[in-house]
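Spelled out, the chains give:
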Amino acid sequence: MLHTFANNATAKIAAGLTNVATTFTAEDEPPVYRFTYLNDPASGLIQVATLTNPAAPGVHEIVHITEHNGTVFTVVRGREGTSAVAWAADTIISARVTAAMLESFAQNRESTTGNNGALALGTTEQAAAVRAYKGVAINAIGNGVEDAWLIGGTPVLQRVAATSVTLMDRHMTPDGTGATPTVDLGVAPTWATATSYSDGAIVQPTTPDGLQYLLWMTDPSSGPLTSGATEPDFSGPGGSSMEFDPGGGFDNFWTCLNLATGITQNLPMAGVRFYPSEVGFICFERGAGVTTDPVISIGTTATPTKYANAVTLTGLGTNQIHRIAVTDSDGVGGLKFTLDTPAAGGVFRGRFYFKGTFVQSES
């Protein structure tokens, strides 16, 4: 959807408008011709306008004009949380600035320090997007990493017609790299009262259930949270998300990870296959007390050991990576990461990762 604009565009509706009508004729007065001429709804071009009437003060309806020719308009009713209502003759339609219009634009954020900022482009969560720090967030959520760029989505080699000159698909794409949430391949810390927990923290219940629980925070930039006196309802993989503190709401919550049965990462889009070239594990923290290394398997839901069968992460230390080259030629719809044997003696935090090419299939 692309916006078009016009200065001082306004008109009066010639006849009454029901709450379901999508076309109307305006009175033939000069300001009506200031609206953008639109004749191709498939182009995605719109002009945002607002309906008002002096006889109904406080009532507003935002519409999207998809076609406009002379005095005839075609609109999409009830946009931006407003309701489509019936309007009397002489109702005014005017081109106005709206919140959603402004939120669709790129924004450059300046922090209170005056020397950093972030460009948030095409994001679905503007407030979260500006968490990017001196970087760019395109359809993604900034993570506070200085001078980083983030692009939400997957680099897919799509079906595009070859040109008659080069006979080459001009839609090029880089390899994509993805990862699971943070996991602990060792002994996760036990949840405790009056303890500081940051986004991505992992715990196990005071009564171990063989599972681990990952903290998800709505706004990690707000700083760590301190646990209360009551232990959360760590209800296992069959339960819904668990509040950080019982009764405290779901702005921050624990979610269950079952590494013994495996974490599955399915492609978020239909008709795309993933051809992995490399998988592995990135270790963020190896506890000083770890005495034996973890054993992992990586594959697909159908074949959980397709790429790595009971591989020991021998000697992998803090801030190190274990790479596993993939020689299998199959394209897959998702991956599965399994912990066969946990590390003993301490934490072993990190993320499984995968790298390869995403291709739109022909079928």
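These figures come from a predicted structure and were not determined experimentally.

Participant: In this structure, what is going on with the sheet that holds strand E21 (residues 263-266)? I would like to understand it.
Facilitator: Sheet strands associate in pairs through backbone hydrogen bonding, adopting either a parallel or an antiparallel arrangement. Read across the sheet, 4 strands follow the order E21-E26-E23-E24 without closing on themselves; strand pairing throughout is antiparallel. Of all the strands in the sheet, the pair left with one neighbour each is E21 and strand E24 (308-312). Each strand axis lies, on average, 20° off the axis of its neighbour in the sheet, ignoring direction. Where strand E23 (residues 295-299) meets E24, 3 bridges bridge the pair, whose relative direction is antiparallel. When the sheet's bridge partners are listed, Ile298 is paired in E24 with Ala308.

Participant: Please clarify how the environment of Asp184 should be interpreted in this entry.
Facilitator: Topologically, Asp184 is positioned in strand E14 (residues 183-184). For Asp184, a relative accessible area of 0% corresponds to the buried category. Sequence separation of Asp184 and Ile202 is 18 residues, and the distance between their C-alpha atoms is 7.1 Å. With sequence-adjacent residues up to four places away left out, Asp184 is seen in contact with Pro189, Ile202, Gln212, Leu259, Leu339, Val347, Phe348 and Arg349. Polar side-chain contacts of Asp184 include one of 2.8 Å to the backbone nitrogen of Phe348.

Participant: Teacher, can you tell me more about the packing of aromatic side chains here?
Facilitator: Two aromatic rings are characterised by how far apart their centres lie and by the angle between their planes. A complete count under the given rule lists 14 aromatic pairs for this structure. Between Phe274 and Phe354, the aromatic rings sit 5.7 Å apart at their centres with planes inclined by 75°, giving edge-to-face as the arrangement. Taken together, the residues Phe274 in strand E22 (residues 272-286) and Phe354 in strand E27 (residues 348-360) connect sequence positions 80 residues apart. Judged by relative accessible area, which is 11%, Phe354 ranks as buried. With 5.2 Å between their ring centres and 70° between their planes, Phe281 and Phe352 make a pair best called edge-to-face. In this pair, Phe281 is assigned in strand E22 and Phe352 in strand E27, connecting sequence segments 71 residues apart. As far as the burial class goes, Phe281 and Phe352 line up, both buried. By way of ring pairs, the aromatic residues Phe274, Phe281, Phe337, Phe348, Phe352, Phe354 and Phe358 are connected into one cluster.

Participant: Whenever I open this one, the pairing of strand E6 (residues 72-79) confuses me. Can you help?
Facilitator: Both faces of the sheet carry side chains from a regular strand, because those side chains alternate between them. Note: strand E3 (residues 23-25) against E6, 3 bridges, orientation antiparallel. Residue Phe24 lies in a different strand from E6, and its bridge partner there is Phe73. Relative to E6, strand E5 (residues 61-69) runs antiparallel, the two being bridged by 6 bridges. Looking across to E6, one finds that Asn69 is bridged to Val72. Where E5 folds back on E6, the antiparallel hairpin that results is connected by 2 residues, among which Gly70 adopts a positive phi of roughly 70°.

Participant: Teacher, can you tell me more about the sheet that holds strand E19 (residues 242-243) here?
Facilitator: Read from one edge to the other, the open sheet built from 4 strands follows the order E16-E17-E20-E19, with strand pairing classed as antiparallel. Only two strands of the sheet have a single neighbouring strand rather than two, namely strand E16 (202-203) and E19. In the sheet, E19 pairs with strand E20 (residues 252-257) via 2 bridges, with the strands oriented antiparallel. Considered in E20, the bridge of Met242 is made with Trp254.

Participant: Looking at this structure, I do not really get the pattern of salt bridges. What am I missing?
Facilitator: Opposite charge on two side chains makes pairing possible when the charged atoms of those side chains draw close. Under the defined criterion, the tally for this structure stands at 6 salt bridges. Residues Asp293 and Arg286 are paired through a salt bridge, measuring 2.6 Å at the closest nitrogen-oxygen approach. Among the residues examined, Asp293 registers a relative accessible area of 19% and is labelled buried. Notably, a salt bridge pairs Lys306 with Asp328, separated by 3.5 Å at the nearest N-O pair. With Lys306 in the loop between E23 and E24 and Asp328 in the loop between strand E25 (320-325) and strand E26 (334-341), this pair connects stretches of sequence that are 22 residues apart. Classification of Asp328 as partly exposed rests on a relative accessible area of 28%. Through salt bridges with shared partners, a single network forms among Lys306, Asp328 and Asp330.

Participant: I keep staring at the pairing of E22 and nothing clicks. Help me out?
Facilitator: As paired elements, E22 and E27 share 13 bridges and run antiparallel to each other. In the strand pairing of E27, Arg286 is matched with Phe348. Examined bridge by bridge, E22 and E25 share 6 bridges and lie antiparallel to one another. When the bridges of E25 are listed, Gly280 appears paired with Arg323.

Thresholds, definitions, all that
Residue numbering note: each chain is counted from 1, following its sequence as written. Local features in a predicted model are, by the rule used here, given only for residues with pLDDT of at least 70; side-chain atom pairs are given and counted only at 80 or more, and totals for whole chains, interfaces and linings are based on all residues. The basis for every side-chain value is the complete set of heavy atoms in the structure, and neither hydrogens nor water enter the calculation. For two strands to be treated as a pair, DSSP must find no fewer than two bridges joining them. Strands here mean DSSP runs of E at least two residues long; helices mean DSSP runs of H or I at least four residues long; both are numbered from the N terminus. Every axis in this analysis is a line fitted to C-alpha atoms, fitted for helices over the stretch in contact. Angles between the N-to-C directions lie between 0 and 180 degrees. Relative accessibility thresholds used throughout: buried, under 20% of the residue-type maximum; exposed, over 50%; partly exposed, between the two (1.4 Å probe, protein chains only). A contact between two residues is defined here by any heavy atoms of the two lying within 4.5 Å. Each polar contact in these results corresponds to two N or O atoms within 3.5 Å; when the atoms are within protein, one needs to be able to donate a hydrogen and the other to accept it, and residues that are neighboring in sequence are counted only if both atoms are side-chain atoms. By convention, a stacked pair of Phe, Tyr or Trp rings (six-membered ring in the case of Trp) has centres within 6.5 Å and planes under 30 degrees apart, an edge-to-face pair has planes over 60 apart, and any other such pair is tilted. One side-chain nitrogen of Lys or Arg within 4 Å of one carboxyl oxygen of Asp or Glu is enough to make a salt bridge.

Shape descriptors only; they carry no functional weight alone.
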